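The residues making up each chain are set out below.
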Amino acid sequence: MSKPLKIAIAGLGTVGVGVIKILESHREMIAARAGRPVEIIAVSASNRSRARGIDISAYDWVDNVLDFTTRDDVDIIVELIGGSDGIAHALARQALDRGKSFVTANKALIAHHGNELAECAGKQQLALRFEAAVAGGIPIIKSLGEGLAANRLNKVYGILNGTTNYMLTQMEATGRDYGEILEETKLLGYLEADPSLDLDGIDAAHKLTILSTVAFGVKANFDDVYTEGIRRIKLVDIEYAKELGYRIKLLGIASLAKAGLEQRVHPCLVPNSAPIAHVDDGFNAIVVDGDFIDRTFYEGRGAGEGPTASAVVADIIDIARGHHGPAFFVPARAMQEVALISMSDRVGPYYIRLHVEEQPGVIADITAALRDQDVSLHVMLQKGSEQDGSVYVVMVTHDTREQKLMNAMNQINALSSVIDKALAIRIENL
Ligand code: HSE
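Because the structure is predicted, anything quoted here is derived from the model rather than measured.

1. Topic: the site of the ligand
Here is step 1 of the chain: Within the structure, the ligand sits among Lys 107, Leu 160, Asn 161, Gly 162, Thr 163, Glu 192, Asp 198, Asp 203, Lys 207, Gly 302 and Ala 303.
Here is step 2 of the chain: In this structure, Gly 162 approaches the ligand through a main-chain N or O atom, which is 2.8 Å from an oxygen atom.
Here is step 3 of the chain: Between the ligand and Lys 207, the relevant distance is 2.8 Å, taken from an oxygen atom to a side-chain nitrogen or oxygen of the residue.
Here is step 4 of the chain: Of all the secondary structure elements, the ones that give two or more residues to the shell around the ligand are α6 (162-174) and α9 (202-216).

Okay, structure coming up:
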């Protein structure tokens, strides 16, 4: 058998521990599949003595992860620290500059610095791999870059954040509102250290940036993703959506057409008939449309020790097999810069939720604002009233240009009868 592939692991949190467990427990199977043994040489983390449930005494301990980059006995550095900048970015740059291949689960790092790192890796003919950065256990990067390589891909979308999917599912299942479910989710430890990454759609936007880059071969930029989270979704929205035949999901949607690249993350009403409407709890799902395959659908666990570590180890095995191709499957210099489609140009139907005072003329004022912007109504629902005399009114529009809808929403929000700022949720008839 060929000489071992030697790795160093930076970060021994949940995923790092999972990687060690897989490499130890499947040592022989992995060596057979990779064509050579994979050996852990050194490890590093912020706290050496923390209880991790595994024995790391067989591996060299390194206090400063940057020291991995100067060691001759390390072929690959596996970064499981996280964060788009700081030490993770410095480690990536130094590793690639000093001839080490680099494997990471760090979505923020790749979303912000993927183009630059891919260029470094390409120049040195090193591998830069990040399967674990998107949708954990679903091998979506490989599927896009290899399995579907014969297709022109035109649309990639999905549930890319398990935490918010869990929260929306729990709201519907338990009939409890956002605040209560948020507290429970915090206690379960499902939220990122910075909860805004989950709740404001930033985590999903990191993953969507990576998917766009791989799917379309474009220089995607995280700052170009329109991003909106789930903080304004109330139980009443989930209940009205259900009555209208929809479920609410936080989706990341990317598409490339002649007009340009569209990238957006926001809550959507998706029809009950769409398979993605039934992906619940912490699961992720991704749908890919291509010119020869029509449509493919992938579902699986997007986070957690096992699924994420499985993706990291798959990348390591790939490198052990000698696969050092371009990080985004086309050489960095061949990646295109494309025009962006503005969110205000989206055309589609909208769900609008209004919380208003119950008094004569309120609906007339609201519909006048919609009429003034050429927004045509398809459905209107109003049921009973709240104890305080207010009422929820829900409307569904016909296809509307987003700019017109937003103009109407601004007019509506200026009305004195509006209690809470009106909420519009895009309907995606997938
Ligand atoms: N916070 C992420 C999620 C973790 O909920 O999907 C996995 O990237």
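2. Details of the sheet that holds strand β6 (residues 128-129)
Here is step 1 of the chain: Taken in spatial order, the six strands line up as β3-β2-β1-β4-β5-β6 in an open sheet, and their pairing is parallel. Bordering the open sheet on either side are β3 (60-61) and β6, each of which pairs with just one other strand.
Here is step 2 of the chain: Sitting on the sheet, helix α3 (residues 86-97) is in contact with β1 (5-10), β4 (76-79) and β5 (101-104), with an inclination near 150° to β5.

3. Details of α6
Here is step 1 of the chain: With 13 residues, α6 should reach 18 Å at 1.5 Å per residue; the first-to-last C-alpha distance of 18 Å fits that figure.
Here is step 2 of the chain: Burial of α6 is extensive: ten of the 13 residues sit out of reach of the surface.
Here is step 3 of the chain: All buried positions along α6 are accounted for by Gly 162, Thr 163, Thr 164, Asn 165, Tyr 166, Met 167, Leu 168, Thr 169, Gln 170 and Met 171.
Here is step 4 of the chain: Its buried side turned inward, α6 meets β7 (153-159), α7 (178-187), α8 (196-199), α10 (235-243), β9 (246-257) and β11 (283-290).
Here is step 5 of the chain: Two or three places before Thr 163, at the start of α6, stands the capping residue Asn 161, its side-chain oxygen 3.3 Å from that residue's backbone nitrogen.

4. Some thoughts on the nonpolar core
Here is step 1 of the chain: With 85 residues, the main nonpolar core has Phe 130, Ile 140 and Leu 144 as its most contacted residues.
Here is step 2 of the chain: Of the residues forming this core, the biggest block, eight residues, is contributed by α9.
Here is step 3 of the chain: In this structure Phe 130 touches Thr 104, Ile 110, Ile 141, Ile 210, Val 214, Asp 315, Ala 327 and Phe 328, once residues within four positions along its chain are discounted.
Here is step 4 of the chain: Core analysis: the next-biggest nonpolar cluster, separate from the first, contains 35 residues, Ile 40, Ala 132, Ala 309 and Ile 316 among them.

5. Brief notes about the pattern of salt bridges
Here is step 1 of the chain: In the structure shown here, the tally under the stated rule is 32 salt bridges.
Here is step 2 of the chain: The partner of Lys 383 in a salt bridge is Glu 243, and the shortest N-O contact between them spans 2.5 Å. You can see Lys 383 sitting in the loop between β15 (377-382) and β16 (390-397) and its partner Glu 243 sitting in helix α10, a full 140 residues away along the chain.
Here is step 3 of the chain: The exposure class assigned to Glu 243 is partly exposed, which follows from its relative accessible area of 45%.
Here is step 4 of the chain: In this structure, Arg 264 and Glu 428 form a salt bridge, with 2.7 Å as the shortest nitrogen-oxygen distance.

About the thresholds
Residues numbered from 1 in each chain as written. Predicted model: local features only at pLDDT ≥ 70, side-chain atom pairs only at ≥ 80, totals over all residues. Heavy atoms only, no water. Near = heavy atom within 4 Å. Polar contact = N/O pair within 3.5 Å; in protein donor to acceptor, adjacent residues only side chain to side chain. Helix = DSSP H or I, 4+ residues; strand = E, 2+ residues; numbered from the N terminus. Pairing = 2+ DSSP bridges. Contact = heavy atoms within 4.5 Å. Axes fitted to C-alpha atoms, helices over the stretch in contact; angles between N-to-C directions. Expected span 1.5 Å × (residues − 1). Buried < 20%, exposed > 50% of the residue type's maximum accessible area, 1.4 Å probe, protein only. Core = buried A, V, L, I, M, F, W, Y, C linked by side-chain atoms within 4.5 Å. Salt bridge = Lys/Arg side-chain N within 4 Å of Asp/Glu carboxyl O.

The values are spatial; any link to function lies outside them.
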